[in-house]
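# Fold and geometry: a report
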Amino acid sequence: MFKLALCAGHGMNTAGKRCLKAIDKNETREWWLNARICEKLEKLLSLYQEIEIKRMDDTSGKTDVKLSTRTNTANKWGADLYLSVHHNAGIAGGEGGGIVAFTYTKTDSVTKAWQKEFYDELILETKLKGNRATPLATKNLAVLRDTAMPAVLLELGFMDSTKDTPIILTEEYADKCAKALANVIIKRAALKEKTAEIKTPVVKYQVYTAHDKWLPEVEGETDYAGIPGRAIQGLLVETNIGDIEYCVHLKNGKWLPWVKNREDYAGIYGRDIDCIRARLKDNSKYSVECRVATIGRNYYPWVRDNEDYAGVYGNRIDRVQIRLIEK
Ligand SMILES: [Zn+2]
């Protein structure tokens, strides 16, 4: 599980943190711009497995959560990455600007790699390169200094630059930033997409008797395969969750070789079966269970995976049930 501590800088009403009125008459608040990108990033990453995201700011914007609270929360939680999203100021209505990515003054190569990849991907997506001499910068900032995990603070353009401000206000720009950040996290954390639909695990099987030949396929516990009183001589099994292997024991005989899926059937025509066993190949999520009934008797207990075999040596089976269960 990759834990992302995501921090939209400031709060909605933090003094001074807003776009320059001369360029943006609405004086759009920095937190709002930061949070917009964070929300878009969360949405993109919600399509991936094995990632958990916790916001370090107040997502309503009402309070400007103290920096020590933000870093303590991330540290206690054991975040894998602290990502702080900001927008810059300092150009006072001039031109120029561009994106800047900060790490702490003393940092490790892993943090530097996050910083560089975020910056490169952001520039690739947004082209907001600007005129900063050192866009990969270091600074003694609390969220970078007091965090126990790699931490990067991004300044995604200037709120007082005639060039940057009209761009950073657009939805399109926020989308591009979120996409760039998501791309880097997906790649570096090796995230896998959630599958569109969760597959219902199904096991299907059928049996052969000398009198009836191959009987119709049945599914899981919805039915059983076989006809009471008719000895089973062949077995076929398949699943939709990977490979299943199974084998049968001949009455007054031996265990036959394992067979896989429908590559072959287990059994020999003309020879009655008294025991079966089944196992799933390399499946961490499901177990297979089977049980059999013998002629003139009820079912023996379910047996799981390859822990045991189902049946009793010497007693011919006439009914089989196979099911999948979650481990
Ligand atoms: Zn800021």
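Numbering of residues begins from 1 in every chain and follows the order in which that chain's sequence is written. Given that this is a predicted model, residues contribute local features only at a pLDDT of at least 70 and side-chain atom pairs are listed and counted only at 80 or more, while totals for whole chains, interfaces and linings are drawn from all residues. As a convention, hydrogens and water are excluded, and side-chain values are obtained from all of the structure's heavy atoms.

### Considerations on the domain arrangement of the protein chain
The condition is simple: For the domains described, the bounds stem from an automatic or database domain assignment.
As far as domains go, the protein chain holds domain 1 (2-188) and domain 2 (203-326). On a C-alpha basis, the centres of domain 1 and domain 2 stand 59 Å from each other.

### Thoughts on the pairing of strand S2 (residues 51-55)
Applied cut-off: At least two DSSP bridges between two strands are needed for those strands to be called paired. In this text, helices come from DSSP runs of H or I with a minimum length of four residues, and strands from runs of E with a minimum of two, each type numbered from the N-terminal end. Consider the strands pointing away from the viewer: the crossover is right-handed when the path from the first strand over the helix to the second runs clockwise.
Pairing of strand S1 (residues 2-8) with S2 involves five bridges; the strand directions are parallel. Bridge pairing links leucine 4 to isoleucine 53 in S2. Between the parallel pair S1 and S2, the chain is carried across by helix H1 (residues 30-45), and the sense of this crossover is right-handed.

### Brief notes about the nonpolar core
A general feature of soluble globular proteins is that nonpolar side chains tend to end up buried together. Our working definition: What is meant by a nonpolar core is a set of buried Ala, Val, Leu, Ile, Met, Phe, Trp, Tyr and Cys residues, joined one to another through side-chain atoms within 4.5 Å. Residue burial is assigned from relative accessible area. The probe radius is 1.4 Å, only protein chains are included, and a residue is buried under 20% of its type maximum, exposed over 50%, and partly exposed in between. Residues are treated as being in contact if the distance between any of their heavy atoms lies within 4.5 Å.
In terms of nonpolar packing, the biggest core is built from 41 residues, with Leu41, Leu83, Phe118 and Ile185 touching the most fellow members. If you list the elements that add at least two residues to this core, you get S1, H1, strand S3 (81-88), strand S4 (99-103), helix H3 (109-126), strand S6 (151-158) and helix H6 (171-188). The biggest single contributor to this core is H6, with ten residues. If sequence neighbours within four positions are ignored, phenylalanine 118 has contacts with Leu81, Leu83, Val152, Leu154, Leu181, Val184 and Ile185. Counting residues in hydrophobic clusters, the runner-up holds 33 residues, among them Val237, Ile244, Leu256 and Ala266.

### A few points about the coordination of the zinc ion
In a perfect tetrahedron of four donors around a metal, the angles come out at 109.5 degrees. In a perfect octahedron of six, they are 90 or 180 degrees. Note the cut-off: Donor criterion used throughout: N, O or S atom within 2.8 Å of the metal, extended to 3.2 Å for Na, K and Ca. Water excluded; incomplete-looking sites may result. In short, tetrahedral needs four donors with all angles between 85 and 135 degrees, square planar needs four and octahedral six donors with opposite donors over 155 degrees apart and all other angles between 65 and 115, and whatever is left is irregular.
Within the protein, His10 (NE2), Glu30 (OE), Glu30 (OE) and His86 (ND1) serve as the donor atoms for the zinc ion, at 2.1 to 2.7 Å. Taken together, the four donor atoms coordinating the zinc ion span angles of 51 to 141° at the metal, a pattern that classifies the geometry as irregular. Mapped onto the polypeptide sequence, the residues donating to the zinc ion form the spacing pattern H-x19-E-x55-H. Taken together, the residues histidine 10 in the loop between S1 and H1 and histidine 86 in strand S3 connect sequence positions 76 residues apart.

### Quick look at the pattern of salt bridges
Think of it this way: side chains of opposite charge can pair up when their charged atoms draw near. Stated formally: Note on definitions: salt bridges are taken to be side-chain nitrogens of Lys or Arg within 4 Å of carboxyl oxygens of Asp or Glu.
Applying the stated criterion to the full structure yields 23 salt bridges. Residue arginine 55 pairs with glutamate 42 through a salt bridge whose shortest N-O separation is 2.8 Å. Of this pair, arginine 55 sits in strand S2 while glutamate 42 sits in helix H1, placing them 13 residues apart in sequence. With relative accessibility at 14%, the residue arginine 55 sits in the buried group. By relative accessible area, glutamate 42 is classed as partly exposed at 24%. A salt bridge links aspartate 272 to arginine 316, with the nearest nitrogen and oxygen atoms 3.3 Å apart. Of this pair, aspartate 272 sits in the loop between strand S14 (266-267) and strand S15 (273-280) while arginine 316 sits in the loop between strand S18 (310-311) and strand S19 (317-326), and the two are 44 residues apart along the sequence. Each of Arg36, Lys40, Glu171 and Asp175 takes part in one network of salt bridges that share partners.

### Some words on H3
Convention followed: In this analysis, the expected span of each helix is defined as 1.5 Å times one less than the number of residues it contains. Contacts described as polar in this section are N or O atom pairs within 3.5 Å, which, within protein, must combine one atom able to donate a hydrogen with one able to accept it, while residues neighboring in sequence count only if both atoms come from side chains.
With 18 residues, H3 should cover 26 Å at 1.5 Å per step; its first-to-last C-alpha distance of 25 Å lies within 8% of that length. Along H3, the residues classified as buried are Thr111, Trp114, Gln115, Phe118, Tyr119, Glu121, Leu122, Ile123, Glu125 and Thr126. For H3, the elements touching its buried residues are S1, S3, S4, strand S5 (136-138), S6 and H6. Where H3 begins, one side-chain oxygen reaches toward the backbone nitrogen of valine 110, 3.3 Å away; that side chain belongs to aspartate 108. The first or second residue beyond H3 is lysine 127, which carries a positive phi of 65°.

### Considering the sheet that holds S6
We count it as follows: Note on definitions: angles span 0 to 180 degrees between N-to-C directions of axes, and those axes are lines fitted to C-alpha atoms, for helices only across the stretch in contact.
On the basis of which strands lie adjacent, the open sheet formed by six strands has the order S2-S1-S3-S6-S4-S5 and mixed pairing. Of all the strands in the sheet, just S2 and S5 have a single pairing partner and so form its edges. Direction aside, the axes of adjacent strands within the sheet are offset by 25° on average. The sheet strands contacting H3 are S1, S3, S4, S5 and S6, and the helix crosses S4 at an angle near 170°.

### Quick notes on the environment of glycine 90
Turning to its location among the elements, glycine 90 is positioned in the loop between S3 and S4. Separated by 33 residues in sequence, glycine 90 and aspartate 57 place their C-alpha atoms 23 Å apart. Beyond its immediate sequence surroundings of up to four residues, glycine 90 is in contact with Phe158 and Asp160.

### Describing the environment of arginine 291
Summarising the element assignment, arginine 291 is placed in strand S16 (residues 286-294). Expressed as a C-alpha distance, the spacing of arginine 291 and leucine 81, which sit 210 residues apart in the sequence, is 49 Å. Here arginine 291 is in contact with Tyr299, Tyr300, Pro301, Trp302, Ala310, Arg319, Val320 and Gln321, once residues within four sequence places are set aside. A distance of 2.8 Å separates a polar atom in the side chain of arginine 291 from a polar atom in the side chain of glutamine 321.

### Some words on unusual backbone geometry
With the exception of glycine, most residues fall at negative phi, and the peptide bonds are largely trans. Backbone geometry at histidine 10 places phi at a positive 70°, although glycine is not the residue there. You can call histidine 10 buried: its relative accessible area is 15%. The phi torsion at asparagine 261 lies on the positive side, around 50°, for a residue other than glycine. You can see asparagine 261 is positioned in the loop between strand S13 (259-260) and S14.

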